[in-house]
Amino acid sequence: MIPNKNEMIAAYEARHGKELQKKLSAATVAVCGLGGLGSNISIALSRAGIGKLILIDFDKVDISNLHRQQYKANQIGLPKTEALSCNLSEIAPYTVVETHCVKITEENAVDLLSGADIICEAFDNPQAKAMLANTVLEKLPGKFYVGASGMAGIGSTNEIKTKRLSKFFYLCGDGVSEVGKSEGLFAARVMACAAHQAHTVIRILAGQYDV
Amino acid sequence: MVIINGEKVNADGITVEQYIKSSDYNTAFIAVELNEDIVSKANYASTVLKDGDVLEVVNFVGGG
């Protein structure tokens, strides 16, 4: 039996406190890229009772994703936006989910992201990471931006850190472990970085801006 | 002296573009903040570093 909305809110409030939960419920967070980082960030944020998620990815679920991304074997071939919003609806049925099955570019980023309070960058391609950081910080001043760089390989999860580079710009990861130059991506290490990003979002919403 | 990625560097008087080129960064993979403000790629060549500036060059690596 699925709990009703009031029961879910009461359960969130019992754990997060009424005041903080109000802020989490009122927030809109965009997740750019729904791979190992983005699928895990989305699940953590929906479990925390974030009011609305904007999920953006152009890709489909592939067998090569299943070792670290929050999809199921029976979802191979589905657009990630569709598969993830389905999985989120089972976890947190009252989180509002807006999906865009498109590639984010310099040209469409402002339109896609202007409704978000906080933007999480969760791409795998370093060029796309740099493009989005530059575009958001230049064209959407005042939005909090939580990016990621360096979470590949089998190195210690203790190397994964959150840095606050400037007032609105946070960066999670070890900064150096690049896919292709190490052993590949491991679910738990990618999840550790995604957890840094998701928790940074929650701390920002709680007014805890330091790292 | 300019503080670049947390370290003191003698880069007074050179431009952001000159620093990036001399340090072998690929501009496609970076974001640059000067005194906590993003520097647009179009302004790398015209932005001159001066004593006391704090420069952060973020070099993104692949994986996600």
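For the structure, check the block above.
In every chain, residue numbers begin from 1 and rise along the written sequence. Key to labels: chains lettered from A, ligands numbered from 1, both in the order written. In view of the model being predicted, local features appear only for residues whose pLDDT reaches at least 70, and side-chain atom pairs are presented and counted only at 80 or more, with totals across whole chains, interfaces and linings using the full set of residues. Neither water nor hydrogens contribute to the side-chain values; these are computed over all heavy atoms in the structure.

Assigned secondary structure in chain A consists of 7 helices and 7 strands. For the radius of gyration, the atom set is restricted to C-alpha positions; the globular benchmark scales as 2.2 Å times the number of residues to the power 0.38. In terms of overall dimensions, chain A is globule-like: its C-alpha atoms have a radius of gyration of 16 Å, near the 17 Å expected for 211 residues. Along the longest, intermediate and shortest principal axes, the C-alpha atoms of chain A span 50 × 40 × 35 Å. Taking all 211 residues of chain A together, the buried fraction comes to 50%. Note on contacts: a residue pair qualifies if any of its non-hydrogen atoms lie within 4.5 Å across the two residues. The long-range fraction of contacts in chain A, counting pairs at least 24 apart against all pairs at least 6 apart in sequence, stands at 70%. The protein chains shown are the only cover counted for residues, whose accessible areas, like all others here, come from Shrake-Rupley with a 1.4 Å probe. For chain A, the accessible area works out to roughly 9,700 Å², and carbon and sulfur atoms hold 54% of it. If you average the places of the 22 positive and of the 21 negative side-chain charges in chain A, the two averages end up 5 Å apart. The numbering of helices and of strands both runs from the N terminus, where a helix is a DSSP run of H or I of at least 4 residues and a strand a run of E of at least 2. With a 1.4 Å probe rolled over the protein chains alone, any residue whose accessible area is under 20% of its type maximum counts as buried; one over 50% counts as exposed, and the rest are partly exposed. For the purpose of counting charges, residues Lys and Arg are taken to be positive, whereas Asp and Glu are taken to be negative. His and the chain ends are not included. Charge coordinates come from a single atom per side chain, which is NZ of Lys, CZ of Arg, CG of Asp or CD of Glu.

Quick look at the interface of chain A and chain B now. Tallying the contact residues gives 30 residues for chain A and 19 residues for chain B. When two parts are put together, the accessible area they lose, computed with a 1.4 Å probe and summed over both, is reported as buried area. Together, the buried faces of chain A and chain B total about 1,800 Å²; carbon and sulfur atoms form 63% of this surface. Among the residues chain A hides against chain B, the three largest losses belong to P126(A), N134(A) and L165(A). Together they make up 25% of the total. When a carboxyl oxygen of Asp or Glu lies within 4 Å of a side-chain nitrogen of Lys or Arg, that pair is called a salt bridge. On the surface where chain A and chain B come into contact, there are 0 salt bridges. Two N or O atoms form a polar contact when they lie within 3.5 Å of each other; inside protein one atom must be a possible hydrogen donor and the other a possible acceptor, and for residues adjacent in sequence the pair counts only when both atoms belong to side chains. Counting across the interface, chain A meets chain B through 7 residue pairs in polar contact (both at pLDDT 80 or more).

Residues and elements named next belong to chain B. Residue D24 is not a glycine yet carries a positive backbone phi of 65°. Tracing the chain through its elements places D24 in the loop between α1 (16–22) and β3 (30–34). Positive phi outside glycine occurs at N35, with the angle close to 50°. Mapped onto the secondary structure, N35 falls in the loop between β3 and β4 (37–38).

Here the focus is helix α6 (residues 126–139) of chain A. Residues and elements named next belong to chain A. Expected span, for any helix, means 1.5 Å times one less than how many residues it has. Counted at 1.5 Å a residue, the expected span for α6 with its 14 residues is 20 Å, and the 20 Å between its end C-alpha atoms agrees. Burial within α6 is extensive, with 10 of its 14 residues counted as buried. Every buried residue belonging to α6 is among P126, K129, A130, M131, L132, A133, N134, T135, V136 and L137, and all of these are buried.

Residues and elements named next belong to chain A. Disulfides are defined as cysteine sulfur pairs within 2.5 Å. Enumeration over the complete set of coordinates arrives at 0 disulfides over all chains. Free of any disulfide, C120 has its nearest cysteine sulfur in C32, 7.9 Å distant. Residue C120 is classed as buried on the basis of its relative accessible area, which comes to 0%. Here C172 stays unpaired: no disulfide links it, and the sulfur of C193, its closest cysteine neighbor, is 5.6 Å away. Residue classification places C172 among the buried positions, given a relative accessible area of 1%.

On to the environment of I160(A), then. Residue and element names in this part refer to chain A. With respect to the helices and strands, the residue I160 is situated in the loop between β5 (144–148) and β6 (161–166). Given a relative accessible area of 4%, I160 falls into the buried group. Sequence separation between I160 and G150 is 10 residues, and the spatial gap between their C-alpha atoms is 8.0 Å. The contact partners of I160, leaving out residues within four places of it in the chain, are G150, M151, G173, D174, R189, A192, C193 and H196.

By this definition, two strands are paired if DSSP reports at least two bridges between them. One open sheet accounts for 5 strands, arranged β2-β1-β5-β3-β4 (chain B); its pairing is mixed. Among the strands making up the open sheet, the edge pair consists of β2 (7–9) and β4 of chain B. As judged from the 5 bridges shared by β3(B) and strand β5 (residues 54–59) of chain B, these two strands associate in the antiparallel manner. The residue of β5(B) that forms the bridge with V32(B) is V57(B). Where α6(A) meets the sheet, its contacts fall on β3 and β4 of chain B, and the angle it forms with β3(B) comes to roughly 35°. Lines fitted to the C-alpha atoms define the axes, with helices restricted to the stretch that makes contact. Angles between their N-to-C directions range from 0 to 180 degrees.

Moving on, we get to the side chain of N87(A). Tracing the backbone shows N87(A) in helix α4 (residues 80–91). Among the polar contacts made by the side chain of N87(A), one reaches the main-chain carbonyl oxygen of Q70(A) at a distance of 3.1 Å.

With that out of the way, let us pick up the sheet that holds strand β1 (residues 28–32) of chain A. All names here are of chain A. Read from one edge to the other, the open sheet built from 7 strands follows the order β3-β2-β1-β4-β5-β7-β6, with strand pairing classed as mixed. Edge strands, defined here as strands with exactly one partner in the open sheet, are β3 (96–100) and β6. Across the sheet, the mean angle from the axis of one strand to that of its neighbour is 20°, orientation sign disregarded. Bridging between β5 and strand β7 (residues 169–173) involves 4 bridges; their strand directions are parallel. Bridging across to β7, Y145 finds its partner in F169.

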